[in-house]
Amino acid sequence: MFCGKCGKQIEDDATVCKWCGEPVESDEESVKGSTPVHEDVQMDPKKTYKKPVNKPIQMTSLGISVGLAALCIYFSGIVNSVLVFLVAAYILLKEQDSWLRAVAVKAVLIVSMYEAINVVINIPNDGMYALNSMVSFIGGNMPEATTLQYLCRFLSDICEIVKNIILIVAGVQALHCNNFKVGFIDRMVNKNIQK
């Protein structure tokens with residue numbers, strides 16, 4: 001839930017905003033003052049109707065919405081691994097929104113896991129390259145590419161496609177301030193980031 005005064009995210013059961021001290025209006029209080037939107041619609045007096053609530057858009061210190069900033073974090077992981085680390089570092093150092101900070105850590109973990117898997121996949125390929133260089137140095141001749149090298153390249157490409165799909169889906173959901181659930185990564189983020 002969001003504070004109606006400052007727009008910051010607060011606990012769903014909070015009675016006062018922890019950021020600005022504004023009393024939080026409960027759903028029951030907002031229903032009491034609601035009126036029908038259309039005069040010709042018959043309202044059942046026994047039912048309670050909720051007044052539509054427009055949530056204020058949370059903004060970052062850069063002046064963009066938190067959702068757009070989260071989208072940028074995930075999409076920077078598609079562009080370049082170093083870029084996602086730089087954007088996440090900025091978010092962790094300068095932004096106060098706990099959800100946005102968790103998104104930054106999550107994006108870094110997704111990209112880091114991809115890089116680690118890619119290193120493991122390419123160990124045989126790097127070994128073959130080193131062996132080829134050594135044989136060439138001695139004066140021998142090895143074939144240009146082996147089935148193992150093609151397999152490593154194929155697995156590396158598949159891994160990158162999966163990473164990019166995850167980052168795109170997570171970024172689109174983050175634009176609407178929704179979480180993309182990745183079980184073990186979410187547990188790591190929740191365990192290791194200060195709320």
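The rules we used
- Residues numbered from 1 in each chain as written.
- Predicted model: local features only at pLDDT ≥ 70, side-chain atom pairs only at ≥ 80, totals over all residues.
- Heavy atoms only, no water.
- Helix = DSSP H or I, 4+ residues; strand = E, 2+ residues; numbered from the N terminus.
- Polar contact = N/O pair within 3.5 Å; in protein donor to acceptor, adjacent residues only side chain to side chain.
- Buried < 20%, exposed > 50% of the residue type's maximum accessible area, 1.4 Å probe, protein only.
- Phe/Tyr/Trp six-rings, centres within 6.5 Å; stacked < 30°, edge-to-face > 60°.
- Lys NZ or Arg CZ within 6 Å of the ring centre and 35° of its normal.
- pLDDT = per-residue confidence, 0-100.
- Contact = heavy atoms within 4.5 Å.
- Axes fitted to C-alpha atoms, helices over the stretch in contact; angles between N-to-C directions.
- Parallel < 35°, antiparallel > 145°, perpendicular 65-115°, else oblique.
- Left-handed = near helix turned anticlockwise from the far one by under 90°.
- Nonpolar A, V, L, I, M, F, W, Y, C, P; charged D, E, K, R; others polar.
- Core = buried A, V, L, I, M, F, W, Y, C linked by side-chain atoms within 4.5 Å.
- Expected span 1.5 Å × (residues − 1).
- Salt bridge = Lys/Arg side-chain N within 4 Å of Asp/Glu carboxyl O.

Caption draft 1: Geometry of the side chain of N118. Inspection of the secondary structure puts N118 in helix α4 (residues 98–138). In this structure the side chain of N118 is engaged in a polar contact, spanning 2.5 Å, whose partner is the side chain of S156.

Caption draft 2: Region of interest: unusual backbone geometry. Residue C177 is not a glycine yet carries a positive backbone phi of 60°. Within the element layout of this structure, C177 appears in the loop between α5 (147–175) and α6 (183–192). Take C177: its relative accessible area is 36%, and that puts it in the partly exposed class.

Caption draft 3: Region of interest: the packing of aromatic side chains. Under the counting rule described, the total for this entry stands at 0 aromatic pairs. Here K163 stacks its cationic end above the ring of Y114, 4.6 Å away from the centre of that ring.

Caption draft 4: Geometry of the confidence of the model for the protein. Put simply, the protein has an average pLDDT of 76, and 76% of its residues get 70 or more. Taken together, the stretch residues 28–41 has pLDDT below 50 and engages in 9 contacts with residues farther than four places along the chain or on a different chain.

Caption draft 5: A look at the packing of helix α3 (residues 81–94) against α4. As a packed pair, α3 and α4 sit with axes 9 Å apart at the nearest point and diverge in direction by 155°. Classified by the angle their axes make, α3 and α4 are roughly antiparallel. Between α3 and α4 lies a crossing whose hand is left-handed. Two secondary-structure elements touch here, α3 through S81, V84, F85, A88, I91 and L92 and α4 through L100, R101, A104, V105, A107, V108, V111, S112 and E115. Along the lines of polarity and charge, the residues of the contact of α3 with α4 split into 11 nonpolar, 2 polar and 2 charged.

Caption draft 6: Focus on the packing of helix α2 (residues 66–79) against α4. At a minimum axis separation of 9 Å, α2 and α4 run at an interaxial angle of 10°. Between α2 and α4, the crossing angle belongs to the class labelled roughly parallel. Across the interface between the two elements, V66, A69, A70, I73, Y74 and G77 of α2 pack against W99, L100, V103, A104, K106, A107, I110 and V111 of α4. Its residues placed into classes, the contact of α2 with α4 shows 12 nonpolar, 1 polar and 1 charged.

Caption draft 7: How the structure looks around the nonpolar core. By size, the foremost hydrophobic cluster in this structure holds 24 residues, and its most contacted members are A70, I73, Y74, W99, L100 and V103. Per element, the largest residue contribution to this core is 9 residues, and it comes from α4. Apart from the residues lying within four places of it in its own chain, the contact partners of A70 are W99, L100, V103 and A174.

Caption draft 8: Summary view of α5. Here α5 is 29 residues long and its end C-alpha atoms lie 42 Å apart, about the 42 Å a rise of 1.5 Å per residue gives. Q149, C152, S156, C159, K163, N164, L167, A170, G171 and A174 are the residues of α5 that are buried. If you follow the buried residues of α5, they end up packed against α2 and α4. Once α5 ends, the next one or two residues include C177, with phi positive near 60°.

Caption draft 9: Quick look at the pattern of salt bridges. Per the counting criterion, the structure on display carries 1 salt bridge. With a closest N to O distance of 3.4 Å, D157 and R153 form a salt bridge. Placement of both D157 and R153 in helix α5 is noted, with a separation of 4 residues, approximately one turn of the helix. By relative accessible area, which is 31% here, D157 ends up partly exposed. For R153, a relative accessible area of 54% puts it in the exposed group.

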